[in-house]
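Listed below, chain by chain, are the residues.
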Amino acid sequence: MAGLPMKSQVTVTGRWWGDPDAAPIPEPEPDADGAVHRQPFSVTVGWQEAWNLSRRVLLADAEAVEAGRSVKDTPESDWLSYGVTFVCQLVGSLSLACGMLTDITGRVQQAISTEQPVLIPDWLAEQGAGVSSAELPSLAASYLAQRMVQDAEDHEEIASRAYGMLAIRAALVGDAREFGEIVNDQVEPEWFVPGIQDACIGVSVLCAGIGWGEELAPSKVLEAATYNWPGDRAVELLRGVEVH
């Protein structure tokens with residue numbers, strides 16, 4: 001798989017572009033007409049709002065694909081419309097992806113307790129023998145990461161998606177060492193953050209076929225997502241990243 005692109009030109013007010021404790025970029029002065037022209041990727045939002053924005057953007061993308069339209073056709077699906085910093089996008093994407101994966105456990109546990117039939121894909125039936133329902137999220141993340149890495153070996157242009165999925169898996173299981181090797185100041189956020197957002201779409205597609213009574217459209221998984229994996233968990237990992 002291709003190496004990670006290096007060093008970004010993004011305005012940095014903290015230790016590095018992914019510093020969750022960085023000072024907000026100052027609001028520019030209004031022009032002669034009273035309009036405020038912000039730098040791209042300069043707006044800071046709270047972690048739950050970052051999750052909500054990630055869900056909104058990816059839901060717009062999913063609905064566009066399902067309707068046969070191109071993504072980024074509407075302001076709702078374009079991150080430039082929001083101007084949010086890369087660290088906010090990163091935290092929002094991590095909390096959304098890890099939350100969707102975490103939801104697998106509850107769905108499967110509920111099905112077991114109520115003896116309701118649910119979807120179990122072939123790969124999970126084969127690899128999940130003897131695995132507890134609590135271990136299903138990490139198993140699903142590992143399976144998807146392996147698939148994306150294999151795809152990236154043949155198609156380097158989607159390598160950022162594979163790295164994004166590896167970061168999601170590391171965050172989900174709390175592997176600070178692996179997380180810091182993938183997400184750090186040496187990686188360009190312009191390359192990496194869209195990759196983790198693409199990986200989020202992959203997570204929604206995977207989750208659409210696990211634990212439901214019937215296979216859902218990915219947009220329905222995103223609609224059902226809840227803020228159950230708080231951004232603070234991603235923030236803790238980001239604070240531990242070593243700056244070179």
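Position labels on residues start from 1 in each chain and follow its written sequence. Given that the model is predicted, a residue must reach a pLDDT of at least 70 before its local features are reported, and side-chain atom pairs must reach 80 or more before they are shown or counted; all residues, however, enter totals for whole chains, interfaces and linings. Water and hydrogen atoms were dropped before computing side-chain values, which therefore reflect all heavy atoms in the structure.

Visitor: Please clarify how the packing of aromatic side chains should be interpreted in this entry.
Guide: Each aromatic ring pair is summarised here by two numbers: the centre-to-centre distance and the angle between the ring planes. For Phe, Tyr and Trp, where Trp contributes only its six-membered ring, two rings pair if their centres lie within 6.5 Å, and the inter-plane angle classes them as stacked under 30 degrees, edge-to-face over 60, or tilted in between. Under the criterion given, the structure shown has six aromatic pairs. Pairing Trp123 with Tyr143 gives two aromatic rings, centres 4.0 Å apart and planes at 0°, and the pair type is stacked. Here Trp123 is found in helix H3 (residues 122-127), whereas its partner Tyr143 is found in helix H4 (residues 136-154), with 20 residues between them in sequence. For the pair Trp123 and Tyr143, one class covers both residues: buried. Counting from the N terminus, the helices are DSSP H or I runs at least four residues long and the strands are E runs at least two residues long. Three labels apply to residues, based on accessible area from a 1.4 Å probe with only protein chains included: buried if under 20% of the type maximum, exposed if over 50%, partly exposed otherwise in between.

Visitor: Explain the confidence of the model for the protein here, please?
Guide: If pLDDT is low for a region, its predicted coordinates should not be looked at in detail. With 94% of its residues at a pLDDT of 70 or more, the protein has an overall mean of 90. You can read pLDDT as the predictor saying how much it trusts each residue, on a scale of 0 to 100. Mean pLDDT per element in the protein: H3 is the minimum at 91, and helix H9 (residues 231-239) is the maximum at 98.

Visitor: Help me understand unusual backbone geometry in this model?
Guide: Where the residue is not glycine, phi is negative for most of them; where a peptide bond is considered, it is trans in most cases. With a phi close to 55°, Phe41 is a non-glycine residue in the positive phi region. One can find Phe41 in the segment before helix H1 (47-66). In this structure, Glu115 is a non-glycine residue whose phi angle is positive, near 55°. Here Glu115 shows up in the loop between helix H2 (86-114) and H3. For Glu115, a relative accessible area of 70% puts it in the exposed group.

Visitor: Before we go on, may I ask you to explain the side chain of Ser160 in this structure?
Guide: Considering the arrangement of structural elements, one finds Ser160 in helix H5 (residues 159-173). In this structure, Ser160 is in contact with Trp191, Gly195 and Ile196, ignoring residues within four places of it in sequence. Here a residue-residue contact requires only that any non-hydrogen atoms of the pair lie within 4.5 Å.

Visitor: What am I meant to see in the packing of H2 against H9 here?
Guide: Angle between the axes and distance between the axes: these two values describe a pair of packed helices. Each axis is a line fitted through C-alpha atoms, and for a helix only the stretch in contact is used; angles between axes span 0 to 180 degrees, taken between their N-to-C directions. Orientation of H2 relative to H9, taken along the N-to-C sense of each, is 125°, at an axis distance of 8 Å. Comparing their axes, H9 and H2 come out oblique. Crossing geometry of H2 relative to H9 is assigned as right-handed. For the pair formed by H2 and H9, the contact residues are Val87, Leu90, Val91, Leu94 and Ser95 on the first element and Gly231, Ala234, Val235 and Leu238 on the second. All residues other than Ala, Val, Leu, Ile, Met, Phe, Trp, Tyr, Cys, Pro, Asp, Glu, Lys and Arg, Gly among them, are scored as polar; the first ten of these are nonpolar and the last four charged. Considered class by class, the residues forming the contact of H2 with H9 number seven nonpolar, two polar and no charged. These descriptions rest on fixed angle ranges, namely under 35 degrees for roughly parallel, over 145 for roughly antiparallel, 65 to 115 for roughly perpendicular, and the rest for oblique. Note on convention: the crossing is left-handed when the near helix lies turned anticlockwise from the far helix by less than a right angle, right-handed when the turn is clockwise.

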